[in-house]
Amino acid sequence: MNTKVVKVNRIQPNAAALVEAGDIIKSGGLVAFPTETVYGLGGDAFNKESSRKIYEAKGRPSDNPLIVHIANITDIDKVAMDIPKVAYDLAARFWPGPLTMILKKRPELPKETTGGLDTVAIRMPGHEVALDFITAAGGFVAAPSANRSGKPSPTSAEYVVEDMYGFADMIIDGGNCEVGLESTIVDLTCEKPLILRPGFITIEEIGEVVGEVDFDKCIIDSSSDEPPRAPGMKYRHYAPKAEMTLVSGPSDKVVKYINDKTNEGAREGIKTGVIATNETQYSYAAFSVKSLGPRRDGKQVARNLFRILREFDDEGVDVIYAESFEETGIFRATMNRMIKAAGHKEVNL
Ligand code: TXA
Ligand code: MG
């Protein structure tokens, strides 16, 4: 398949390109598009053949449901039913934005799109290009993140091209994603709203709207035997090619530990990558040292993680050591992805 790559400016979106992208979706094709979180690989949510194609392009198991992206809050009830009031309260506060809600699905929506589930994940992204594209596509675009399954989600078009060239009919290049991590997922089909995936919108912010919130056990406790409620959370994710270890403890000890490990490795020809912060980056002597940003700047830290993991892949590092963060606010989302990228390999000093 020939993939067309089109640059679209966020301030002045190229209307003709978005109409073409919409037509591709309407005729059953796939288009990768930017959102504020990460790039998505979109297909017509009401076309089961499109959903099948998405699974194939991603190399993703078909029991892992897709998120239906909409461009108008009032379209929720075209894909979902028995919608509780809190859904509208959350939408009013956070949409368009990085929040996905799980609701009971309407029977018209094919099960292929929801991985066989009776529920549907819905989100209205906070990105002008995404909204114009969804509208041009008829209003309902099913999309997972536009990475090959298991790789970090793409936060710029160059990584979408790397993973999806030849699999998507079109890639809309809208520049870098400002959030850089996937949306927060909240399940509203349980008694109490349940967070299935932490994200940019924090648990505390959601709590302000809905009152008490629960956490899927599998997010907090990696040794939990229960299956995660978001099927995607059970798969190895965000994984760089190199083996990664998260190191926590007092900063001086963390720096010393990582430098010792780097030197040990260097003697055997092992190339080490370090994920540091602005405060510590010059204290490391390794093959490649990258900073996530200032330690207290949760937004910047979140934005840079997936890009850095991809860069380490390109540079061919053999092992990665990463500084860790306290699990509060938005750092909870970043740590969730880092722990997964490390396959739960953590050292506490
Ligand atoms: O920010 C985002 O959410 C990005 C952009 C493109 O919108 N999308 C994204 O999609 O991260 P994906 O497919 O990579 O992750 C969706 C997650 C998966 O873990 C999936 O299992 C879960 O949402 N999910 C989808 N539908 C669900 C449902 N009905 N019940 C429970 N979990 C669901
Ligand atoms: Mg994904």
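Note that the structure is a prediction, hence the values are computed from the model and not measured.

1. Overview of the domain arrangement of the protein
Right, on to step 1. Domain boundaries assigned for the protein yield domain 1 (4–215) and domain 2 (243–348).
Right, on to step 2. Using only C-alpha atoms to locate each centre, domain 1 and domain 2 end up separated by 29 Å.
Right, on to step 3. At the interface, 25 residues of domain 1 touch 16 residues of domain 2.
Right, on to step 4. When the area that domain 1 buries against domain 2 is broken down by residue, the three leading residues are Pro152, Tyr159 and Leu181, summing to 35%.
Right, on to step 5. Counting across the domain 1 and domain 2 interface gives 4 salt bridges.
Right, on to step 6. Measuring nitrogen to oxygen at the nearest pair gives 3.6 Å for the salt bridge that ties Glu204 to Arg332.
Right, on to step 7. Applying the counting criterion to the domain 1 and domain 2 interface returns 5 residue pairs in polar contact (both at pLDDT 80 or more).
Right, on to step 8. Looking at the side of domain 1 that touches domain 2, its residues break down into 11 nonpolar, 7 polar and 7 charged.

2. Describing the nonpolar core
Right, on to step 1. Core analysis: the largest hydrophobic core is formed by 63 residues, its most contacted members being Phe133 and Ile172.
Right, on to step 2. Apart from the residues within four sequence positions on either side, Phe133 is in contact with Leu18, Ala21, Gly22, Ile25, Val31, Phe33, Val141 and Ile172.
Right, on to step 3. Counting 27 residues, the second largest nonpolar core, distinct from the first, contains Leu181, Tyr238, Ile308 and Met335.

3. Overview of the pattern of salt bridges
Right, on to step 1. Taken as a whole and judged by the stated rule, the model has 28 salt bridges.
Right, on to step 2. For Glu56, the salt bridge is made with Arg52, and the minimal N-O distance between the two is 3.2 Å. Of the two residues, Glu56 and Arg52 both sit in helix 2 (residues 48–58), 4 residues apart, roughly one turn of that helix.
Right, on to step 3. Linking Glu162 and Arg310 is a salt bridge whose minimum nitrogen-to-oxygen distance equals 3.8 Å. Residue Glu162 is located in helix 6 (residues 157–164), and its partner Arg310 is located in helix 10 (residues 298–315); the two are separated by 148 residues in the primary sequence.
Right, on to step 4. Taking the relative accessible area as the measure of exposure, Arg310 reaches 1% and is therefore buried.

4. Regarding the packing of helix 10 against helix 11 (residues 331–341)
Right, on to step 1. Helix 11 packs onto helix 10 with a crossing angle of 20° between their chain directions and a minimal axis gap of 9 Å. Here helix 11 runs roughly parallel to helix 10, going by the angle between their axes. The chirality of how helix 10 crosses helix 11 is left-handed. For the pair helix 10 and helix 11, contact is made by Gly298, Val301, Ala302, Leu305, Phe306 and Leu309 and by Phe331, Thr334, Arg337, Met338 and Ala341, respectively.
Right, on to step 2. Of the residues assigned to the contact of helix 10 with helix 11, the class counts are 8 nonpolar, 2 polar and 1 charged.

5. Description of the side chain of Thr277
Right, on to step 1. By the element assignment, Thr277 lies in the loop between strand 14 (272–276) and strand 15 (288–291).
Right, on to step 2. The exposure class of Thr277 is buried, given its relative accessible area of 0%.
Right, on to step 3. In terms of polar contacts, Thr277 uses its side chain to reach the side chain of Glu323, at 3.0 Å.
Right, on to step 4. Ignoring anything within four residues of it in the chain, the contact list for Thr277 reads Ser291, Leu292, Gly293, Arg295, Glu323 and Phe325.

So, how was this worked out
Residues numbered from 1 in each chain as written. Chains lettered and ligands numbered in written order. Predicted model: local features only at pLDDT ≥ 70, side-chain atom pairs only at ≥ 80, totals over all residues. Heavy atoms only, no water. Domains from an automatic or database assignment. Contact = heavy atoms within 4.5 Å. Buried area = accessible area lost by both parts, 1.4 Å probe. Salt bridge = Lys/Arg side-chain N within 4 Å of Asp/Glu carboxyl O. Polar contact = N/O pair within 3.5 Å; in protein donor to acceptor, adjacent residues only side chain to side chain. Nonpolar A, V, L, I, M, F, W, Y, C, P; charged D, E, K, R; others polar. Core = buried A, V, L, I, M, F, W, Y, C linked by side-chain atoms within 4.5 Å. Buried < 20%, exposed > 50% of the residue type's maximum accessible area, 1.4 Å probe, protein only. Helix = DSSP H or I, 4+ residues; strand = E, 2+ residues; numbered from the N terminus. Axes fitted to C-alpha atoms, helices over the stretch in contact; angles between N-to-C directions. Parallel < 35°, antiparallel > 145°, perpendicular 65-115°, else oblique. Left-handed = near helix turned anticlockwise from the far one by under 90°.

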